[in-house]
Amino acid sequence: MRNDLEDPATPAAAPPAPGRGRTGRTRSRGALVGRIARGALLVAALFLLLGQLLAVLPVSWWSPFLNVLPVELFLLVVAIARDALGSWALVLAALALAAGVFALRRSGRRPLPLALSAISGTALLLALATTAVQVISVHGATGQWFLFSPATPADAVGRDPDRTVTYATLGGERMKADLYLPEAASATAAPLVVSIHGGGFISGSRGPTVYTSWLADQGYAVLDVDYRLATATEHTWNTADADVGCAMTWATAHASEYGLDMDQVATFGGSAGGNLAINVAYKANAGTLEPSCGTADQLPQVNAAIAAYPVVDLSTSVGESAYGKESGDWYVGGDPAQYPERYEAVDSANQISQDAPPTLILQGSRDHLVFADHTEAFADRLTTAGVAHSYVELPFMEHAYDSVAAGIGTKATRALTLPWLQEYIEG
């Protein structure tokens, strides 16, 4: 019997080919994964491009953003990461560009591949230009070629200290310092480098850096010191340098125990630590540093000072960025109009005298926290005062440009530091 619901003129639908639906879903998932991958590459390309724009555009152009603390910190993170990546930014930008071009060829001029190609291509061109200028500039300053830095994306900072000591108890706080000692046995005492950490006077601590154990490997003893940090209610503008001086009197008292040559002493620091490296050295040599422990007679004469991106002009820096303002409010207690005498005591130019030791200063030209023109102006003051010094400006580099051991900024600083110490400490 015929089924009246069937239409004999209409053939029965063919069953789906085996695996066809699964293949469609697989292709759909593959397309989704491809879009996600391209999206991730686009974000990475934007990150690379922003880093390069921070390098090439004048610092003053970013001023409106630097007065908003979260934005300023974000920009600093991007720029410091750019310096840490170094030549690897070229590799990443080239990979992103290749992915964008490949996607364009497969899918046509769709927005995502087009944006990826344009942004990564621009980032690659800028990275090529900035890297070439940095390599040539560093060669001019050091006489050495550093063509691809860092050689690996990550590099160890250095070994742990040989000793950690308590150099004093100040304000109820146990103040500690790390000692890094030369591994090679020597019949003579080792020259001492006093290492002072940065952190805007409100953060940071002693700990292995790209210089501490490296200096020990070059034959120097390193005393890496803590000092009392400022808070919103405790202002340490008149104790930070005194605490470093206290650590130096401890070194004098324990020189024979640890084999320290207190006739060959240098100070070394970056950022806020650079300010203290300069101020402590200048005040100690001028006889105006009052240590917070020990006596002024126990302070050594400082033979050399080395400062990277130092906060030499806090009076001006506090008005140029949100973080600078916070540092000034905590460290000094307010702005320069409120406390002119305090700012006069911490600004490095006011500490210059004929007794100031030879000073090596390194500065990134695109520092968005410590502006290069202030550091250069301080170097000009040293020239006027007749103080031996060298000012080296590293093009396109940010604050804390030496965050990785094998970066070109770290290599440049090491290549300049070692002969400076050999000439003015050992010479």
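This section reports on the structure supplied with the text.

Rules behind the numbers
- Residues numbered from 1 in each chain as written.
- Predicted model: local features only at pLDDT ≥ 70, side-chain atom pairs only at ≥ 80, totals over all residues.
- Heavy atoms only, no water.
- Helix = DSSP H or I, 4+ residues; strand = E, 2+ residues; numbered from the N terminus.
- Rg over C-alpha atoms; globule rule 2.2 N^0.38 Å.
- Buried < 20%, exposed > 50% of the residue type's maximum accessible area, 1.4 Å probe, protein only.
- Salt bridge = Lys/Arg side-chain N within 4 Å of Asp/Glu carboxyl O.
- Axes fitted to C-alpha atoms, helices over the stretch in contact; angles between N-to-C directions.
- Parallel < 35°, antiparallel > 145°, perpendicular 65-115°, else oblique.
- Left-handed = near helix turned anticlockwise from the far one by under 90°.
- Contact = heavy atoms within 4.5 Å.
- Core = buried A, V, L, I, M, F, W, Y, C linked by side-chain atoms within 4.5 Å.
- Patch = residues over 30% accessible without salt bridge, like charges linked within 9 Å, V, L, I, M, F, W, Y side chains within 5 Å.
- Areas by Shrake-Rupley, 256 points an atom, 1.4 Å probe, with all protein chains shown as cover.
- Lys, Arg positive; Asp, Glu negative; His and termini not counted.
- Charge placed at Lys NZ, Arg CZ, Asp CG, Glu CD.
- Disulfide = S-S within 2.5 Å.
- Pairing = 2+ DSSP bridges.
- Expected span 1.5 Å × (residues − 1).

**Quick notes on the overall build of the chain**
A tally of helices and strands in the chain yields 14 helices and 8 strands. Here the C-alpha atoms of the chain give a radius of gyration of 28 Å, more than 25% beyond the 22 Å that 2.2 N^0.38 yields for 427 residues. Along the three orthogonal principal directions, the C-alpha set of the chain runs to about 120 × 55 × 45 Å. Counting every position in the chain, which comprises 427 residues, the buried fraction comes to 50%.

**So, the pattern of salt bridges**
Applying the stated criterion across every chain, the model contains 8 salt bridges. Between Arg-159 and Glu-183 there is a salt bridge, and its shortest N-O distance comes to 3.6 Å. Within this pair, whereas Arg-159 is found in the loop between helix H5 (111–142) and strand S1 (163–170), its partner Glu-183 is found in the loop between strand S2 (173–180) and strand S3 (190–196), the two being separated by 24 residues in sequence. Note on Glu-183: relative accessible area 63%, which makes it exposed.

**Things to note about the packing of helix H7 (residues 240–253) against helix H9 (residues 272–286)**
For the pair H7 and H9, interaxial distance at closest approach is 10 Å and the crossing angle is 65°. Relative to H9, H7 is oriented roughly perpendicular. H9 is crossed by H7, and the crossing has right-handed handedness. The segment H7 lies against H9, with Ala-240, Asp-241, Val-244 and Met-248 engaging Leu-276, Val-280 and Lys-283.

**Regarding the nonpolar core**
One finds Leu-192, Leu-223, Leu-260, Leu-314, Tyr-331 and Phe-378 to be the most contacted residues of the largest nonpolar core, which totals 64 residues. For this core, the leading source of residues is H9, giving 8 residues. Tyr-331 has contacts with Phe-201, Ala-230, His-235, Thr-236, Trp-237, Ala-240, Leu-276, Leu-314 and Val-346, leaving out every residue within four places of it along the chain. Residues Trp-214, Tyr-220, Leu-418 and Trp-420 belong to the second largest nonpolar core, which totals 33 residues.

**Observations regarding unusual backbone geometry**
Note the cis peptide between Ser-149 and Pro-150, where omega equals -10°. Structurally, the position occupied by Pro-150 is in the loop between H5 and S1. For Phe-201, which is not a glycine, the phi torsion comes out positive at approximately 70°. By the secondary structure assignment, Phe-201 is in the loop between S3 and helix H6 (212–217).

**Structural notes on a negative patch on the surface**
Taken together, the side chains of Asp-373, Glu-376, Asp-380 and Glu-393 make up a negatively charged region of the molecular surface. Tallying contributions element by element places helix H13 (residues 372–385) first for the negative patch, with 3 residues. Judged by relative accessible area, Glu-393 falls into the partly exposed class, the value being 33%.

**Quick word on the state of the cysteines**
In a disulfide, the sulfur atoms of two cysteines are covalently bonded to one another. Enumeration over the complete set of coordinates arrives at 1 disulfide. Each sulfur in the disulfide pair Cys-246 and Cys-293 lies 1.8 Å from the other. Across the S-S bond of Cys-246 and Cys-293 the torsion is about 95°, and the bridge reads as right-handed. With Cys-246 in helix H7 and Cys-293 in the loop between H9 and strand S6 (304–308), the pair connects residues that are 47 residues apart, well separated along the chain. Each of the two residues, Cys-246 as well as Cys-293, counts as buried.

**Focus: the side chain of His-197**
Within the secondary structure layout, His-197 lies in the loop between S3 and H6. Ignoring sequence-local partners within four residues, the contact set of His-197 consists of Ser-203, Gly-204, Ser-205, Arg-206, Val-225, Asp-226, Tyr-227, Leu-229, Gly-270, Ala-272 and Gly-273.

**Let's talk about the sheet that holds strand S4 (residues 221–225)**
If you walk across this open sheet you meet the 8 strands as S1-S2-S4-S3-S5-S6-S7-S8, and the pairing is mixed. Of all the strands in the sheet, the pair left with one neighbour each is S1 and strand S8 (389–394). Across this sheet, the average inter-strand angle for adjacent strands is 20°, counted without regard to direction.

**With respect to the environment of Tyr-343**
Note on placement: Tyr-343 falls in helix H12 (residues 340–346). Relative accessible area serves as the criterion here: at 1%, Tyr-343 is assigned to the buried category. Linking Tyr-343 and Ala-277, residues 66 residues apart in sequence, is a C-alpha distance of 17 Å. If sequence neighbours within four positions are ignored, Tyr-343 has contacts with Leu-314, Ser-315, Val-318, Gly-328, Val-332, Gly-334, Asp-335, Pro-336 and Asn-350.

**Focus: H5**
In a regular helix each residue adds 1.5 Å, so 32 residues correspond to 46 Å; H5 covers 46 Å between its end C-alpha atoms and thus fits that length. With its phi angle positive at about 80°, Gly-143 sits one or two positions after the end of H5.

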